[in-house]
Every structure is written in C-alpha cells, then in structure tokens.
Amino acid sequence: MSTERAVQVWAGWFDDFFASLAGVFGRVEPRRMAMAYVKALVAPVERKNGWQIAEHVGHPSPDRVQWFLARSTWCADQLRDALRSFVVQFLARPDGVLVLDETAYLKKGRMSAVVAPQYAGITGQIENCQVAVFCAYASGTGRALIDRELYLPAAWCADAGRCRTQHIPRARAKAVVTKPELGRRMVERCRRAKVPFGWVAADSAYGQDRKLRAALERRRIPYVMAVPVDETVSTHGTGPLRVDKLAAGIPLVFERRSCGLGAKGLRSYDWALADVTWPGGAEGGPRRGHVHLLLVRRSISDPRQVAYFAVHAKAGTPIGEIVRVMGLRWGIEDCFETAKSDCGLDHYEVRTWDAWHRHITLSMAGLAFLTITDTRSRHLQEPGDHDLLPSPADLAQGPEKGARRAALKS
C-alpha cells in the first residue's frame with residue numbers, strides 16, 4: 001500500500017474513531033479543539049506541550065490550548081467512559097485482563113495538583129512527583145489504557161485551601177484514598193459498564209493489599225497478583241508462613257512455559273502451583289467453585305531468582321491460563337512506554353486537577369487510536385481497500401476471520 005493511500009485510510013479510521021468520542025464535547029469549538037489536540041498528540045511533535053501543540057495546529061499562541069484544558073466545559077470522566085467503550089468494541093474478549101499499575105511524573109515545583117515527595121517507581125526512590133494509578137485492558141487482540149486517577153497524598157488532604165486552589169473535588173480531598181482502593185474503583189467501574197473481562201492482574205503494590213483481594217473475591221473476580229516474599233500464606237495443616245518459606249518446604253512440580261513475547265523473545269520460566277489459603281480474603285474463604293493458589297515463578301538461568309503470586313481462580317483452571325494472565329500483566333508497561341513516547345502522556349504543563357485528567361485522558365485516546373489502527377492493519381489481507389475493514393467482531397475472533405472476510409469480498 002502506498003504512503004498516500006495509507007494516509008487516506010488512516011485518516012478515515014481517525015474520523016470514525018473521533019466520532020465515537022465527539023458527543024462528549026457539546027459545542028463545536030471544544031469538539032474541534034479536541035480533535036486537533038489528539039491529532040497533535042499522535043503526530044511527530046517533539047514535546048506535546050501547550051506551545052508545540054498550538055504551533056502544530058496553527059495557533060499563534062497556546063492560549064486556546066490552555067483554555068481547552070483548563071476552562072472549557074466538558075467532562076474528562078465522560079471522555080474516559082466513551083474511550084473505554086471504543087477500546088472494548090475492538091479488543092474485548094471474555095478472557096480479557098484488567099491490569100492495575102501506577103506511574104510517576106517527576107516535578108520541580110510544588111504548585112501542580114498533588115505534587116509531593118513520594119515514592120516514584122520510575123526511579124526507585126522518593127521524588128518530588130505526581131503519582132497516578134491506571135487500568136489497562138489487555139487481551140490477545142491488543143491492549144490500551146482505559147482508566148486513570150491521580151493519587152492524593154495525605155499532605156494535600158490536610159490542606160483544604162491548597163486543594164481548592166487546584167480544583168480538587170471536595171469529596172476526594174476529605175480523606176486519603178489508597179492506590180489499591182483507586183484500582184478497586186476502576187475494576188468496579190468496568191464491571192458496572194459490563195466490560196468483558198475474566199481476570200485482574202497487578203504487581204505486588206496491589207497484590208499485597210488484602211482489602212483489594214477480598215473485594216475481588218466477593219465479586220467472584222479471578223486475579224493473579226504479585227506478592228512480596230514476606231507475605232504470609234497457609235496450606236492445609238500448616239499455620240501462616242512467609243511465601244518463600246512455604247514454597248521451600250513443600251514439594252512443587254515445575255513446568256517450563258512461556259508467558260508471552262518480550263523485547264528479547266519469548267519470556268520463558270519454570271512455573272509451579274500450590275493449593276493455599278490467603279489471609280484477608282473474602283470472609284469464609286474463596287467463594288463456591290473458586291480456589292486460592294500460590295503461583296511460583298523460577299528463573300531458568302538463575303533458579304535462585306523466584307517470584308510469588310497470589311491467585312484466586314475458578315476450580316480446575318489450568319496453569320497455562322494463569323501463566324497467560326501473568327504475561328498479559330506486562331502489557332501495561334508497554335502502554336506507559338508508548339503513551340509517553342508517542343502520545344505525550346508525560347509532556348503536559350498543567351497544574352489543576354481537571355486539566356491533568358483532561359490531558360491524560362486525551363493522551364489515552366491517542367494511544368487507543370494507535371493500538372486499534374495497528375490491530376486493524378494486522379488483520380487486513382488487503383490494507384489498501386477501505387471496504388475490507390474488519391469489524392470488531394472479526395477482530396475478537398482473531399486474524400484468520402478477518403482474512404477470510406477479505407478473501408470472500410475480493
């Protein structure tokens with residue numbers, strides 16, 4: 001397909017994509033600005049800040065861009081919901097995975113909303129930064145970010161005047177909401193929106209939170225979440241033990257399996273499962289038809305490198321399915337990397353709570369467009385023919401269905 005033809009096809013896809021979001025922006029002016037903003041976010045603009053976005057769209061100053069983010073009338077949460085529906089339309093599968101994780105935004109000053117000295121995973125130490133929790137949707141079809149929340153540190157909750165200045169909602173400023181609780185709320189929003197998913201996955205920052213695990217179990221939601229080595233667990237006939245001590249003291253049968261592709265090829269490890277009882281789960285233990293398991297991952301090159309995962313799953317779930325979910329968890333890291341490098345996720349220069357959520361959600365929209373464009377392109381037998389675009393149902397059934405559809409129409 002020629003470059004000119006590719007541009008025409010992708011422009012048509014973008015128009016279809018933005019049409020699914022346009023209703024969020026009631027008036028013509030913010031709607032046009034939103035469309036231009038997302039186009040700038042996915043364009044080869046070096047820094048996707050107010051000045052460079054304004055220059056890209058042909059404005060003499062960033063005033064209109066700043067007005068759009070800070071003062072125009074539209075709701076970032078409504079955009080989030082519309083974006084989630086678009087992503088689900090193309091990527092959803094019954095065995096899809098909701099992945100919870102966080103990322104930090106390093107800051108020099110203290111005026112931006114929720115900036116405070118706190119742990120930043122991107123550097124591994126305490127930094128002056130903002131921290132946000134995200135939820136990604138991952139399936140065999142693709143992955144995209146579908147929800148986000150700024151974490152509000154205790155120092156901000158204790159300063160009502162500062163919160164008002166940065167337009168932080170009064171309900172959020174009343175008390176600290178933990179990061180795992182923000183993640184739980186995102187899962188619940190997906191459940192209420194009837195997003196098809198079969199699992200929740202997360203790293204140890206969320207896996208060690210017993211309230212989060214218990215909440216998922218009450219909803220009968222399976223999960224695979226990393227836990228630190230000092231997390232305690234029990235087996236039949238033993239009291240609570242650290243997971244590393246318990247795994248070392250019971251016979252484990254390891255299987256060598258890949259959990260997906262990485263930057264250097266297949267990610268292969270040795271894996272084992274053990275029946276356990278996780279403390280802090282739903283009252284009375286796992287719900288009927290579900291079990292608690294300990295998943296152990298051992299490095300092939302260095303067997304001393306071992307990781308542990310809390311699992312809540314339907315009875316009889318094979319280890320291969322649990323390992324698959326574990327592999328999809330890494331998809332959110334790819335989302336962060338692509339959104340930051342290609343969609344300006346961390347290029348913003350805004351200070352208020354509302355403006356932050358607006359920019360971040362628009363950046364997520366840009367990432368979703370790139371993801372779906374890539375998915376559509378990979379599923380076309382003849383990418384240059386707009387009539388052969390696969391439907392969301394075709395994509396959900398895999399590349400073979402899209403190819404057969406194209407062959408029938410050609």
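Please refer to the structure higher up on the page.
This is a predicted model, so every value here is computed, not measured. (Residues numbered from 1 in each chain as written. Predicted model: local features only at pLDDT ≥ 70, side-chain atom pairs only at ≥ 80, totals over all residues. Heavy atoms only, no water.)

*Asks:* Just to check I follow, could you spell out the overall build of the protein chain for this structure?
*Replies:* Helix and strand counts for the protein chain stand at 17 helices and 12 strands. Relative to its full complement of 410 residues, the protein chain shows a buried share of 51%. Of the roughly 19,000 Å² of accessible surface on the protein chain, a fraction of 50% belongs to carbon and sulfur atoms. (Helix = DSSP H or I, 4+ residues; strand = E, 2+ residues; numbered from the N terminus. Buried < 20%, exposed > 50% of the residue type's maximum accessible area, 1.4 Å probe, protein only. Areas by Shrake-Rupley, 256 points an atom, 1.4 Å probe, with all protein chains shown as cover.)

*Asks:* Please clarify how the pattern of salt bridges should be interpreted in this entry.
*Replies:* This model, assessed by the stated rule, comprises 27 salt bridges. Between Arg-191 and Glu-188 there is a salt bridge, and its shortest N-O distance comes to 2.7 Å. Here Glu-188 and Arg-191 lie together in helix H9 (residues 179-192), a separation of three residues that amounts to about one turn. Arg-191 sits in the partly exposed class, given a relative accessible area of 33%. Here Glu-188 ties to Arg-219 by a salt bridge, and the two come within 3.1 Å at their closest N and O atoms. Of this pair, Glu-188 sits in helix H9 while Arg-219 sits in the loop between helix H11 (210-218) and strand S6 (223-227), placing them 31 residues apart in sequence. For Glu-188, a relative accessible area of 10% corresponds to the buried category. Here the residues in one salt-bridge network are Asp-77, Arg-80, Asp-81, Arg-84, Asp-147, Arg-148, Glu-149, Arg-172 and Arg-189, joined through shared partners. (Salt bridge = Lys/Arg side-chain N within 4 Å of Asp/Glu carboxyl O.)

*Asks:* Help me out: how do you make sense of the packing of aromatic side chains in this one?
*Replies:* When we look at a pair of aromatic rings, we describe it by the centre distance and by the angle of the planes. Tallying each qualifying case throughout the model produces 15 aromatic pairs. Judged by centre distance (6.3 Å) and plane angle (35°), the rings of Phe-25 and Phe-68 are tilted. Taken together, the positions of Phe-25 in the loop between helix H1 (3-19) and helix H2 (28-42) and Phe-68 in helix H4 (residues 63-70) put the pair 43 residues apart, joining distant regions of the chain. Centroid distance Phe-134 to Phe-336: 5.3 Å. Interplanar angle 75°. Geometry classified as edge-to-face. Of the two residues, Phe-134 sits in strand S3 (residues 125-139) while Phe-336 sits in helix H14 (residues 331-342), which places them 202 residues apart along the sequence. Neither Phe-134 nor Phe-336 differs from the other in exposure class; each is buried. Among the aromatic residues, ring-to-ring pairing joins Phe-14, Phe-17, Phe-18, Phe-25, Tyr-37, Phe-68, Trp-74, Phe-86, Phe-90 and Phe-369 into one connected group. Taking NZ or CZ as reference, Lys-179 lies 5.0 Å from the ring centre of Tyr-151, over its face. When the ring centre of Trp-74 is taken as origin, the NZ or CZ atom of Arg-358, which lies over that ring, is 4.6 Å away. (Phe/Tyr/Trp six-rings, centres within 6.5 Å; stacked < 30°, edge-to-face > 60°. Lys NZ or Arg CZ within 6 Å of the ring centre and 35° of its normal.)

*Asks:* Is there a simple way to think about H11 in this case?
*Replies:* Since there are 3.6 residues in each turn of an α-helix, residues three or four apart along the chain are aligned in direction. The complete set of buried residues in H11 reads Leu-212, Arg-213, Ala-214, Ala-215, Leu-216 and Glu-217. The N-terminus of H11 is capped by Asp-209, whose side-chain oxygen sits 3.3 Å from the backbone nitrogen of Lys-211. Arg-220, located one to two residues past H11, shows a positive phi value of around 60°. (Polar contact = N/O pair within 3.5 Å; in protein donor to acceptor, adjacent residues only side chain to side chain.)

*Asks:* Help me understand empty space enclosed by the protein, please; the structure alone is not making it clear to me.
*Replies:* One water molecule sets the probe size; rolling that probe over the atoms shows where empty space is left. Overall, the coordinates contain one cavity of 30 Å³ or more when judged by the stated rule. By volume, the largest cavity is sized at about 30 Å³. Forming the walls of the largest cavity are Trp-13, Phe-17, Phe-86, Phe-369, Ile-372, Thr-373 and Arg-376. Among the secondary structure elements, those contributing two or more residues to the lining of the largest cavity are H1 and helix H15 (353-378). Counting residues per element, the lining of the largest cavity draws most heavily on H15, which supplies four residues. (1 Å grid on protein atoms, 1.4 Å probe; cavity = no way out; pocket = protein on both sides within 12 Å on 5 of 7 lines; lining within 4 Å. Points joined across faces, edges and corners; volume = space filled by probe spheres on them.)

*Asks:* I'm lost on the nonpolar core in this one. Help?
*Replies:* A general tendency of soluble globular proteins is for nonpolar side chains to be buried together. Ranked by internal contacts, the top residues of the largest apolar core, which has 125 residues, are Phe-134, Leu-145 and Leu-362. Of all the elements, H15 adds the most residues to this core, at 11 residues. Setting aside its immediate chain neighbours within four residues, Leu-362 contacts Phe-25, Tyr-37, Val-38, Leu-41, Phe-68, Leu-69, Trp-74 and Leu-79. (Core = buried A, V, L, I, M, F, W, Y, C linked by side-chain atoms within 4.5 Å. Contact = heavy atoms within 4.5 Å.)

*Asks:* What's the story with the packing of H2 against helix H3 (residues 50-57) in this structure? I'm lost.
*Replies:* Two packed helices can be described by the angle between their axes and the distance between those axes. For the pair H2 and H3, interaxial distance at closest approach is 10 Å and the crossing angle is 105°. With respect to each other, H2 and H3 are oriented roughly perpendicular. For the pair H2 and H3, the contacting residues are Ala-36, Tyr-37, Ala-40 and Leu-41 in the first and Ile-53, His-56 and Val-57 in the second. Its residues placed into classes, the contact of H2 with H3 shows six nonpolar, one polar and no charged. (Axes fitted to C-alpha atoms, helices over the stretch in contact; angles between N-to-C directions. Parallel < 35°, antiparallel > 145°, perpendicular 65-115°, else oblique. Nonpolar A, V, L, I, M, F, W, Y, C, P; charged D, E, K, R; others polar.)

*Asks:* Sorry, what's going on with unusual backbone geometry here?
*Replies:* Where the residue is not glycine, phi is negative for most of them; where a peptide bond is considered, it is trans in most cases. For Lys-194, which is not glycine, the phi torsion reads 60° and is therefore positive. Here the phi dihedral of Arg-220 falls at roughly 60°; this positive angle occurs in a residue that is not glycine. Tracing the backbone shows Arg-220 in the loop between H11 and S6. A relative accessible area of 44% places Arg-220 in the partly exposed class.

*Asks:* Where do I start with the packing of H2 against H4 in this structure?
*Replies:* Two elements in contact, H2 and H4, have axes separated by 11 Å at closest approach and are oriented at 105°. Classed by the angle they form, the pair H2 and H4 counts as roughly perpendicular. Across the interface between the two elements, Glu-29, Pro-30, Met-33, Ala-34 and Tyr-37 from H2 touch Arg-64, Val-65, Trp-67, Phe-68 and Leu-69 from H4. Looking at the contact of H2 with H4 residue by residue, the class counts come to eight nonpolar, no polar and two charged.

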